[in-house]
Amino acid sequence: MTNLYLIRHGIAANREDYTQDDRQRPLTSEGIKKTTKVAQRLQELGITFDLILTSPLIRAKQTAEILQTLGLSKDVKTSSHLAPEGDLLSWWEEGKTWRNYEHLALVGHEPNLGYWAESFVWGKVKSRLIVKKAGMIGIALPDVGSPVGHSDLFWLTPPRFLLN
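It should be emphasised that the depicted structure is a prediction, and the values quoted were computed from it without experimental measurement.

Description of the pattern of salt bridges
Part 1: Applying the stated rule across the entire model yields five salt bridges.
Part 2: Shared partners join several salt bridges into a network, and the residues in it are D22, R25 and R59.

Pasting the structure below:
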């Protein structure tokens, strides 16, 4: 079984300041600080990842780097499927080797992460789950067959509960 952790990037700079290229929008100093605190709390809880896959956008890469720097994973790779225009089924089909990992983290964006979580758990998007900035959803994927509609939600934590 693979435990899949969907992690949203931390607080990023204003969109209005990056109208030419949103892909370059970085984390703010507050975003770095809060994401680091969340990562420290995850470390205290003993959560680690065999691999972190991240969106190619700067803010997501920075979030993944914070997680890696604090020792939550030794390995970080970029996946275009985690960009805002990414597609769950394409990622799943292309990356079936991800099933070899016991603890896999995906760092990406909303609304995709919420939609993906809903697809895994309920088999369809209901627009009900929202991953807050620097928040995380944990989903247990089945060992065989399609995970869509056949996965179990085991973690849903807004970052505020990890910042205390």
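Quick word on helix α4 (residues 112–122)
Part 1: Where burial is concerned, most of α4 is hidden: nine out of the eleven residues are buried.
Part 2: Phi turns positive one or two residues past the end of α4, at G123, with a value near 85 degrees.

Some details on the packing of helix α1 (residues 29–44) against helix α2 (residues 58–69)
Part 1: For the pair α1 and α2, the least separation of the axes is 9 Å and the interaxial angle reads 40 degrees. For the element pair α1 / α2, the angle class is oblique. Here α1 and α2 pass one another in a crossing that is right-handed. Residues I32, T35, T36 and A39 of α1 touch α2, and the partners they reach there are T63, I66 and L67.
Part 2: Residues that form the contact of α1 with α2 fall into these classes: four nonpolar, three polar and no charged.

A short note on the sheet that holds strand β6 (residues 152–157)
Part 1: Read across the open sheet, the six strands follow the order β3-β2-β4-β1-β5-β6; overall the sheet is mixed. At either end of the open sheet lies a strand with only one pairing partner, and these are β3 (76–78) and β6. Direction aside, the axes of adjacent strands within the sheet are offset by 20 degrees on average.
Part 2: Across five bridges, the pairing between strand β5 (residues 136–141) and β6 is antiparallel. In the strand pairing of β6, I137 is matched with L156.
Part 3: Its contacts with the sheet put α2 on β1 (2–8), β2 (51–54), β3 and β4 (103–108), and the angle it makes with β2 is roughly 165 degrees.

Quick notes on the rules
Residues numbered from 1 in each chain as written. Predicted model: local features only at pLDDT ≥ 70, side-chain atom pairs only at ≥ 80, totals over all residues. Heavy atoms only, no water. Salt bridge = Lys/Arg side-chain N within 4 Å of Asp/Glu carboxyl O. Buried < 20%, exposed > 50% of the residue type's maximum accessible area, 1.4 Å probe, protein only. Helix = DSSP H or I, 4+ residues; strand = E, 2+ residues; numbered from the N terminus. Axes fitted to C-alpha atoms, helices over the stretch in contact; angles between N-to-C directions. Parallel < 35°, antiparallel > 145°, perpendicular 65-115°, else oblique. Left-handed = near helix turned anticlockwise from the far one by under 90°. Contact = heavy atoms within 4.5 Å. Nonpolar A, V, L, I, M, F, W, Y, C, P; charged D, E, K, R; others polar. Pairing = 2+ DSSP bridges.

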